[in-house]
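A structural walkthrough
One letter stands for each residue in the lines below.
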Amino acid sequence: MSDMTDRDRTEKPETETPAATGARRTTRRGGGDPATRGRTTIADGVVEKIAGLAARDVVGVHTMGSGLSRTFGAVRDRVPGGTKAVTRGVKAEVGEVQTALDLEIVVDYGMSIGDVARAVRENVVAAVERMTGLEVVEVNIAVSDVKLPEEEEEEVETRLQ
């Protein structure tokens, strides 16, 4: 049997302690800048919402989406509690550092389609890159219709009847 007490068994010899060896004990927590720890992923729908809102802000864009999606959207907008689909007419493919967008727009009659498309691209690229940090590699725009002034008057008359 040994005459060591429980206290003596748990203690380390003095020669192994950092103070005895003159070494400084440092505690490492994490690695580097806290902002670089972990990953951020952005869903396609987030980029689609940002792009849809940015495109609608451009003068000359009447609405977004094809005829069928606009019809379903109009029905959804009239249903109580229904929300406006800001992603209608927008498709995004999001990678880790880049994104590509396809937009389908309806341009107001009398507006230059080329100028409207250029303004939409600039606004969408600026908004998506600023808010997400993703590089926008392309914004493809399909003009599916031109909104004529008399079409608006006909819609108002049919609602009043």
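Here we summarise the structure given alongside this text. (Residues numbered from 1 in each chain as written. Predicted model: local features only at pLDDT ≥ 70, side-chain atom pairs only at ≥ 80, totals over all residues. Heavy atoms only, no water.)

Observations regarding the overall build of the protein
Counting its secondary structure elements, the protein contains six helices and four strands. Taken from the N to the C terminus, the helices and strands of the protein come in the order α-α-α-β-α-β-β-α-β-α. A buried classification covers 24% of the 161 residues belonging to the protein. Across the protein, the fraction of contacts at a sequence separation of at least 24, relative to all contacts at a separation of at least 6, is 72%. A total of about 11,800 Å² of accessible surface is found on the protein, and carbon and sulfur atoms cover 50% of it. (Helix = DSSP H or I, 4+ residues; strand = E, 2+ residues; numbered from the N terminus. Buried < 20%, exposed > 50% of the residue type's maximum accessible area, 1.4 Å probe, protein only. Contact = heavy atoms within 4.5 Å. Areas by Shrake-Rupley, 256 points an atom, 1.4 Å probe, with all protein chains shown as cover.)

Section: the environment of V59
As for its position among the elements, V59 is in the loop between α3 (44-56) and β1 (61-64). Sequence separation between V59 and V107 is 48 residues, and the spatial gap between their C-alpha atoms is 9.1 Å. Residues within four places of V59 in sequence aside, it is in contact with M111 and V116.

Overview of the pairing of strand β3 (residues 98-108)
Sheet topology places β1 next to β3; three bridges connect them, and they run antiparallel. Across the sheet, M64 pairs through a bridge with I105, a residue of β3. Relative to β3, strand β2 (residues 90-94) runs antiparallel, the two being bridged by five bridges. Along β3, the bridge assignment pairs K91 with D102. Linkage of β2 to β3, two consecutive antiparallel strands, is achieved through a turn of three residues. Here β3 runs beside strand β4 (residues 135-147); their pairing, made up of eleven bridges, is parallel. Each residue of the ladder has a partner; that of I105, found in β4, is V143. In this fold, β3 hands off to helix α5 (residues 113-132), which returns the chain to β4; that crossover is right-handed. (Pairing = 2+ DSSP bridges. Right-handed = clockwise from strand over helix to strand, strands pointing away.)

Side note on the nonpolar core
Ranked by internal contacts, the top residues of the largest apolar core, which has 24 residues, are L101, L103, V120, V124 and V128. Where this core is concerned, the elements lending two or more residues are α3, β1, β2, β3, α5 and β4. Counting residues per element, this core draws most heavily on α5, at six residues. Here V128 is in contact with V47, I50, A51, T99, L101, G133 and V136, once residues within four sequence places are set aside. (Core = buried A, V, L, I, M, F, W, Y, C linked by side-chain atoms within 4.5 Å.)

Looking at the pattern of salt bridges
Pairs can form between side chains of opposite charge whenever their charged atoms are close. In total, this model carries one salt bridge according to the counting rule given. With its nearest N and O atoms 2.9 Å apart, the salt bridge here joins R118 to D115. Taken as a pair, R118 and D115 lie in helix α5 at a separation of three residues, close to a single helical turn. Owing to a relative accessible area of 44%, D115 belongs among the partly exposed residues under this scheme. (Salt bridge = Lys/Arg side-chain N within 4 Å of Asp/Glu carboxyl O.)

Topic: α5
The end-to-end C-alpha distance of α5, which contains 20 residues, comes to 28 Å, matching closely the 28 Å that a straight helix rising 1.5 Å per residue would cover. Turning to α5, its buried residues are V116, A117, V120, V124, A127, V128 and T132. Along the axis of α5, the buried residues cluster in a sector spanning 110 degrees; they form a single face. Facing away from the buried side of α5 by more than 90 degrees, the exposed set consists of E122 and R130. Of the surrounding secondary structure, the elements contacted by the buried residues of α5 are α3, β1, β3 and β4. (Expected span 1.5 Å × (residues − 1). Arc of directions from axis to C-beta.)

Read these as layout, nothing more, since geometry by itself doesn't imply function.
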